[in-house]
Amino acid sequence: MDNQLTLYLPLVPDDPARLCILAAAACGGSNPALAPSAHNLTPPQSQYVPCLEGPTGLTVRGAAAVAEYLAGPDLARACDVKEASCVLQWRDFAAGLAPAACILNCKDRKKLCITEKAEERALIELQKSLAVLDGQLASCAFLGSTQLSLADIFVFSILFQLYNQVMTQDERAKFPHVHRWFRAVSSHPPIHALLEDIGTPGGLPSTKAAPAVKQNDTSSDDVIAKTPTQLKKEAKKKEKMEKFLQKQDKLKEKTTEKPKAEKKEKKELEVITYDIPTPPGQKKDLSGPMPDSYSPRYVEAAWYSWWEKMGFFKPEYNRSSVSEHNPKGIFMMCIPPPNVTGSLHLGHALTNAVEDSLTRWNRMCGKTTLWNPGCDHAGIATQVVVEKKIWRENGLTRHDIGREAFVQEIWKWKEQKGDRIYHQLRMLGSSLDWDRACFTMDPRLSRSVQEAFVRLHDLGIIYRSRRLVNWSCRLNSAISDIEVDKKELAGRTMLSVPGYSEKVEFGVLVSFAYQVEGSDEEVIVATTRVETMLGDTGVAVHPDDPRYQHLHGKFVLHPFCQRRLPVVSDSFVDISFGTGAVKITPGHDHNDFECGQRHQLHVVTILDNNGCLINVPPPYLGMKRFDGRKAVLAALKDRGLFREVKDNPMVVPVCSRSKDIVEPLLKPQWYVRCTEMGKEAADTVRSGRLRLIPETFTKTWFSWLDNIRDWCISRQLWWGHRIPAYFVSVSEPGSPPGDDADDAYWVSGRTQEEALEKAAKKFGLPASSITLQQDADVLDTWFSSALFPFSIFGWPDETEDLKVFYPGTLLETGHDILFFWVARMVMLGLVLLKDLPFKEVYLHAIVRDAHGRKMSKSLGNVIDPLNVVHGISLEGLHAQLIDGNLDAVEVERAKQGQKVDYPDGIPECGTDALRFALCAYTAQGRDINLDVNRILGYRHFCNKLWNAAKFSLRVLGSDFQPIPSSQLCGAESDIDIWIRSRLSLTAQTCNSAFSAYDFPSATSAIYSFWLYDLCDVYLECLKPIFSSKCPESSEAATAARQTLYTCFDAGLRLLAPIMPYISEELYQRLPRRQSSSNLPSISVVSYPDGQELCWRNEELEREVAYALTVVRAARSLRNDYGLVKTKALLSVRCEDQAVVSNLTRLASHVCTLTLAPSLTVLGQASQPPQGCAVAIVDDQSSVYLQLKGVLDLTKEVAKLVPQRDQVAKTLERLIQRRSGPEYSSKVPLHVQQNDADKVKQSEMELQKINAAIANFETML
């Protein structure tokens, strides 16, 4: 079909869009017909170049859309949601860089009026963008993948001309990872061929093949040879860059002259402490005056222990029992149990901000609410921590002290350190029911784990088998996929490996030859792990590969042992990769193992548990695996069988716990059959019984569960739930010994007695003839975590909690553990309890730093949320790095990152500001780029609330008593009714947002109400009412007080789920209505809803909104002329009589907000006063500010003339556009109507400006 597509490209030869589309087509294998010239297009198609047209009406327009279509789904990563999002992210990155690239690529800047300042800004933008790109490419070969994708093409196309014709070699050297990536992309065969084919006519310089370079090599020659003109241009660029850097240095010197003075100005960051002695659990003493400014340390003191003691977080609060019927329903959610070894990071903070906000909202909505805490025993992590501890303290290993004593040491450590994470969760304000806190190794939960294993084994769902597992030689244990970090390498890289004094080489492909038996012919194979050739038992070729068809059924000879390796034909072999022949090592590679099973190849295990070579001939026997790598390579060279070694981008599996290289190792393990359970779990989403939010994850859910593999649940550890399975040995004469990997010789039981009874029945022998040996392994931590939603309630016992709270309402967690935890909970819940563990799953995003980089200790961008809460100096951040487990090089690199991101440390922001920021960032389906400065902005928001509360309490007075109901009393002014309407809208928005898990909408509504409606408008409008000129006993003042109280009371309740501390602090300082006087905390009062706040008045909101537009125009005029405190008469001239009436009615409020002594509202027939500055509100109204006698009117005329010229130009362009010969026939009707409206609006504006100029000129 490609040849039936016609591609229209931009006419400009060096347009990045042109290169992007051609590169996408080349790499995607598309071959559309290229239109000879875009001049041949007829309007309006010519307006949409680039575009792609097909024979069946297909039309694709826009560079990105055309590129994605031609690239195809593989290159665009369309089949994987996460990778497709990555492509979109880098497409947007390229688009953001395009304006700077356009300026810097421009050959005639003077002609296009590009100033030096614009060029400097473009240079700064380029430097920042390259720094971000360099950071991303530091840990991967290409953008988000090990292989080239459309993301690379997008960014490469934007940078191509800049990199080759603008940037100097020295400038490129500053970004070594970008340099290496650029060479890799330009050397990619399809792109390399494209660059050579395009040549001069295409506007892109031709290129020669770039030789391979080392990853950090920036000393090699340029990717593309430079012409003399380009070199001259480079020199000029370098000179300009030097001048630019000198300017930057001077600016830095100026900005560092007065740092202390700037810090002193930030009075709002003063630290105020709560110093009144208050025993834990006692209510905070608020009898003293409010501090002058908001301080999180003062506000957040003492509240949590009182909340906890009063039982506000328990579902039984104000109920006889949890079983008591509640017509408002039940909300139950369990916490994703953090590791007992863990400490808080921003992922925890995000989880708890979201979950606690939902929990508090549901509790305030009147539901029976339980948020159940718990902690995971974290098998590997905890064992590693305690092993290091006893080695550090006593110089002993766990084997020295034995299993029982070692487990006791872990329990001691858990009692001393294990509740640290709970203390940190309390500091985040998490409203968990701590009386129900559980630990996965508690007796009750351990019984659930044992019961689940036995039932599943009896059902045949759990079975024993010998298969390849992820093996950590350092830990001597199998590990799960989530504990394997995939380290991406671009080529040859030396890595540190535990147990080796020298770094080990990775990222290379070694080719060597096998001799064909009885022939001089040889077969060349390649491998990234050459030591595994000692375990080769076959060579595979594709059945259709003509090069090897004559070898089918023949043998090649192993050079180091007397082993004949059959040549087998298998379609899994990629003919185009390497030589097309693949060595098969069934014992140490997953694909090879499956291939070996298909062809009955012998399996040889060449590594023991410690990573030493076994079952190999001398001299390799007993060598450590990577020492064996060197020895094998040397022997191949000695025997003349070595052919080549070359760089090879690859992924190296690294154990996240031990940093060891993970090996596939053949081990007998326990497995869970997942095919049927996976299908049932997938079907629950398809049928709508289970809902995933955002829905984009359903595709990934189906993909994984529909292709699920069996789950290995054995771990060779001492800490964890010991597997309740027993190996059966029969002492009867003539009975053969059983195989450890044979499931038939294993029984399970809740006790050894039960297992013995099962074994006797299974083998038909008396119990006296049977000996049982319990498996020494423990279960995968994720197995007990998968039972968490019901094991916490005492299953298998039918407890009250289990009956009431299972299934739960919601699971909230990160999407990175969708399969490791969420899917497994669903599968086991369906099998063991015949019901889903929850009805909805909300998956939050991953937290990244302000630059979009993944959090990494080595980058120095990992933020402890408590550092944000309490604040920390730069030196303190450095000290935390030293206390970590980074090596010296990584520590220094991380320090540099911290200096850039936090030059003054992190200011104290408080828990409330952190929670609010995290919720505000949580847009569904997007990762979070967290900027600490934005969190600080929400601390300033808290300060605004604090000051508003002080003003309001002073206005209400100490003897104020709110009326029993929040309804209107009849004497409210328009502005009172308006603020109530805005409050009603805010409550409606918040309730809808919480219901839909749309946290940004909730935070935005709350922020806007408090800041823009209440503080900026309503409180300002109240000041004249409570001034000394107005009697405070008037009906207007009384109604205003009741409205103000209602707004503060309901506004704090709206805020409480997200900002619990400041809302409690201020709520406790307010008087109470009789209806809520028996509810001691804001945590348990009702959340505002439309039934309580039923004052929505959309017409009045529109009227006030227009009045506020007038206010903004007037304020802008005052600001333009420096009228900070000077009062000036204000007039508004309106074309619409309805607007005249509304503004006249709201005139007093407009005067208050604009510092105007009076407001005159003029109709269409009235003339504005003389000597005024004019601001155009819209085509219906103009604002006039009296300036006569205050300012020089000549200045006003000078300001209006350019505005008039700009509107005149706009009008002229519109008229020319509409007068085109084919305008009426080719332009859509709705566009014509829009143009007509714009002409009318521009004519009106021009008329008003001309009238204003004439008005001023008459006064000069």
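From a predicted model like this one, the values you see are computed outputs, not experimental measurements.

Overview of the overall build of the protein
For the protein, the helix and strand inventory stands at 42 helices and 37 strands. Burial analysis of the protein (1260 residues in total) assigns 52% to the buried set. The long-range share in the protein, meaning contacts at least 24 apart out of those at least 6 apart in sequence, stands at 76%. With the model as given, the accessible surface of the protein reaches about 56800 Å², and the carbon-plus-sulfur share is 52%.

A short note on the packing of helix 33 (residues 974-995) against helix 35 (residues 1035-1055)
Where helix 33 meets helix 35, the closest approach of the two axes is 10 Å, and the angle between their N-to-C directions is 15°. Considering their axes alone, helix 33 and helix 35 lie roughly parallel with respect to each other. In this structure, the crossing between helix 33 and helix 35 has a hand that is left-handed. Within the contact between the two elements, helix 33 uses D976, I979, R980, L983, T986, A987 and C990 and helix 35 uses A1039, A1040, Q1042, T1043, T1046, C1047, A1050, G1051 and L1054. Class assignment for the residues of the contact of helix 33 with helix 35 results in nine nonpolar, five polar and two charged.

Comments concerning the packing of aromatic side chains
Within this structure, the stated rule accounts for 48 aromatic pairs. Summarising the aromatic geometry, the rings of Y304 and W307 are spaced 6.0 Å apart at their centres and angled 70° between planes, so their arrangement reads as edge-to-face. Placement of the pair is Y304 and W307 together in helix 12 (residues 303-310), with a separation of three residues, close to one helical turn. Taking the relative accessible area as the measure of exposure, Y304 reaches 8% and is therefore buried. Through a chain of ring-to-ring contacts, three or more aromatic side chains come together here, namely W361, Y842, F994, Y997, F999 and Y1087. Taking the ring centre of F555 as reference, the NZ or CZ of R564 above it sits at 3.8 Å.

Looking at helix 16 (residues 403-417)
Compared with an ideal rise of 1.5 Å per residue, which puts 15 residues at 21 Å, helix 16 spans 21 Å between its outermost C-alpha atoms and is within 8% of the ideal. Inspection of helix 16 places F406, V407, I410, W413 and K414 among the buried residues, and these make up the whole buried set. Buried residues of helix 16 fall within an arc of 115° about the axis and therefore sit on the same side. Exposed residues lying more than 90 degrees from the buried face of helix 16 are E404, E415 and Q416. Where helix 16 is buried, its residues meet helix 14 (379-394), helix 15 (398-401) and strand 8 (438-439).

A closer look at the side chain of T532
Checked against the element boundaries, T532 lands in the loop between strand 15 (522-527) and strand 16 (538-541). The exposure class assigned to T532 is buried, which follows from its relative accessible area of 6%. Here the side chain of T532 touches R529 through a polar contact of 2.6 Å, landing on its backbone oxygen. Leaving out residues up to four positions away in the same chain, T532 has contacts with T527, K583, T585 and I606.

Looking at the confidence of the model for the protein
Confidence along the protein averages 86 in pLDDT terms, with 89% of residues attaining 70 or more. Low pLDDT, under 50, characterises residues 200-226; the stretch is placed with 67 contacts to residues that sit more than four places away or in other chains. Ignoring residues within four places in sequence, the model shows residues 254-268, a span with pLDDT below 50, making six contacts including any to other chains.

Regarding unusual backbone geometry
Working note: non-glycine residues mostly have negative phi, and peptide bonds are mostly trans. The step from P618 to P619 runs through a cis peptide bond, and the omega angle for that step is 5°. Looking at where P619 falls in the secondary structure, it is placed in the loop between helix 19 (590-598) and helix 20 (625-638). A cis geometry characterises the amide bond from I693 onward to P694, with omega recorded as 0°. Mapping P694 onto the fold places it in the loop between strand 23 (691-693) and helix 22 (697-706). Even without being glycine, A378 reaches a positive phi, approximately 50°. Here A378 is to be found in the loop between strand 7 (374-375) and helix 14. Judged by relative accessible area, A378 falls into the buried class, the value being 4%.

Looking at the pattern of salt bridges
This structure, assessed with the given rule, holds 55 salt bridges. A salt bridge links R426 to E308, with the shortest nitrogen-to-oxygen separation between them at 3.0 Å. You can see R426 sitting in helix 17 (residues 420-427) and its partner E308 sitting in helix 12, a full 118 residues away along the chain. Among the residues examined, E308 registers a relative accessible area of 31% and is labelled partly exposed. When the shortest N-O distance is used, the salt bridge between R466 and D739 registers 3.9 Å. Note that R466 is positioned in strand 9 (residues 462-472) and D739 in the loop between strand 26 (725-730) and strand 27 (746-748), a separation of 273 residues in sequence. Salt bridges here are not isolated pairs; linked through shared partners, they connect K314, E316, D433, D435, R436 and D801.

Thoughts on the sheet that holds strand 10 (residues 477-478)
Read across the sheet, four strands follow the order 10-9-22-24 without closing on themselves; strand pairing throughout is antiparallel. What marks the edges here is a single partner per strand, and that holds for strand 10 and strand 24 (711-712). By the bridge criterion, ten bridges tie strand 9 to strand 22 (residues 663-672) in an arrangement that is antiparallel. Paired with R466 across the bridge in strand 22 is P668. Set on the sheet, helix 19 makes contact with strand 9 and strand 22; between it and strand 9 the angle comes to about 140°.

A look at the nonpolar core
Counting 182 residues, the largest nonpolar core has W1010 and V1183 as the members making the most contacts within it. Among the elements that make up this core, the one with the highest residue count is helix 34 (residues 999-1022) (14 residues). In contact with V1183, other than residues within four places in its own chain, are V1110, A1113, A1114, L1117, L1130, S1131, V1132, A1173, V1174, A1175 and V1177. In terms of nonpolar packing, the next biggest core, distinct from the first, is built from 66 residues, W782, L787, V822 and M827 among them.

Notes on the sheet that holds strand 28 (residues 770-774)
Strand pairing in a sheet is mediated by backbone hydrogen bonds. Such pairs are either parallel or antiparallel. With antiparallel pairing, three strands are arranged side by side in an open sheet as 27-26-28. Strand pairing shows two members of the sheet lacking a second neighbour, strand 27 and strand 28, which therefore form its edges. Across this sheet, the average inter-strand angle for adjacent strands is 40°, counted without regard to direction. In the sheet, strand 26 pairs with strand 27 via three bridges, with the strands oriented antiparallel. Pairing of A725 across the sheet is with S748, part of strand 27. Across the sheet, helix 18 (residues 443-458) lies against strand 26 and strand 27, angled at about 130° from strand 27, the strand it touches most.

Structural notes on the packing of helix 31 (residues 911-921) against helix 32 (residues 932-956)
It is the contact of helix 31 with helix 32, at a shortest axis distance of 8 Å, that shows an interaxial angle of 120°. Taken together, the axes of helix 31 and helix 32 lie oblique to each other. Helix 31 and helix 32 meet at a crossing whose hand is right-handed. For the pair helix 31 and helix 32, the contacting residues are D912, A913, L914, F916, A917, A920 and Y921 in the first and R934, I935, Y938, R939, F941 and C942 in the second. The residue makeup of the contact of helix 31 with helix 32, split by class, is ten nonpolar, no polar and three charged.

A look at the environment of E1020
Along the polypeptide, E1020 turns up in helix 34. Separated by 132 residues in the primary sequence, E1020 and T1152 place their C-alpha atoms 7.2 Å from one another. For E1020, the contacting residues outside a window of four places in its chain are C1015, T1152 and L1153.

Looking at the pairing of strand 6 (residues 368-372)
Of all five residues in strand 6, five are buried; the element is thus mostly enclosed. On strand 6, burial covers both faces: T368, L370 and N372 on one face and T369 and W371 on the other are all buried. The pairing of strand 5 (residues 330-334) with strand 6 spans five bridges and is parallel. Bridge pairing in strand 6 places I330 opposite T368. With helix 13 (residues 346-364) bridging strand 5 and the parallel strand 6, this β-α-β connection has right-handed handedness.

About the criteria used
Each chain has its residues counted from 1, running along the sequence as written. In view of the model being predicted, local features appear only for residues whose pLDDT reaches at least 70, and side-chain atom pairs are presented and counted only at 80 or more, with totals across whole chains, interfaces and linings using the full set of residues. In computing side-chain values, all of the structure's heavy atoms are included and hydrogens and water are not. Each helix corresponds to a stretch of at least 4 residues labelled H or I by DSSP, and each strand to a stretch of at least 2 residues labelled E; elements are numbered beginning at the N terminus. Classification of residues uses two cut-offs on accessible area relative to the type maximum, computed with a 1.4 Å probe and protein chains only: under 20% is buried, over 50% is exposed, and between them is partly exposed. The criterion used for residue contact is that any of the two residues' heavy atoms lie within 4.5 Å. Using the Shrake-Rupley algorithm and a 1.4 Å probe, accessible areas are obtained, with residue cover drawn only from the displayed protein chains. Helix axes are fitted to C-alpha atoms over the stretch in contact, other axes to C-alpha atoms as well, and angles between N-to-C directions run from 0 to 180 degrees. Roughly parallel means an angle under 35 degrees; roughly antiparallel means over 145; roughly perpendicular covers 65 to 115; every other angle is labelled oblique. Take the far helix as your reference; a near helix turned counterclockwise from it by less than a right angle gives a left-handed crossing, and one turned clockwise gives a right-handed crossing. In this classification, Asp, Glu, Lys and Arg are treated as charged, Ala, Val, Leu, Ile, Met, Phe, Trp, Tyr, Cys and Pro as nonpolar, and every other residue, Gly included, as polar. Pairing of aromatic rings covers Phe, Tyr and Trp, the last counted by its six-membered ring, and requires centre-to-centre distances within 6.5 Å; plane angles under 30 degrees mean stacked, over 60 mean edge-to-face, and any other angle means tilted. Throughout this description, the term charge over a ring refers to an Arg CZ or Lys NZ atom that lies within 6 Å of the ring centre and within 35 degrees of the ring normal. Given a helix with a known number of residues, its expected span is that number minus one, times 1.5 Å. Working note: the arc is built from the helix axis to C-beta atom directions. Polar contact is the term for a pair of N or O atoms within 3.5 Å; when the atoms are in protein, one must be able to donate a hydrogen and the other to accept it, and sequence-neighboring residues count only if both atoms are side-chain atoms. pLDDT is defined as a per-residue confidence score from the predictor, taking values between 0 and 100. Any carboxyl oxygen of Asp or Glu that lies within 4 Å of a side-chain nitrogen of Lys or Arg is treated as forming a salt bridge with it. A pair of strands is treated as paired once DSSP finds two or more bridges between them. For this analysis, a nonpolar core means a set of buried residues of the types Ala, Val, Leu, Ile, Met, Phe, Trp, Tyr and Cys, connected via side-chain atoms within 4.5 Å. By convention, a crossover is right-handed whenever its connection, traced from the first strand over the helix to the second and viewed with the strands pointing away, goes clockwise.

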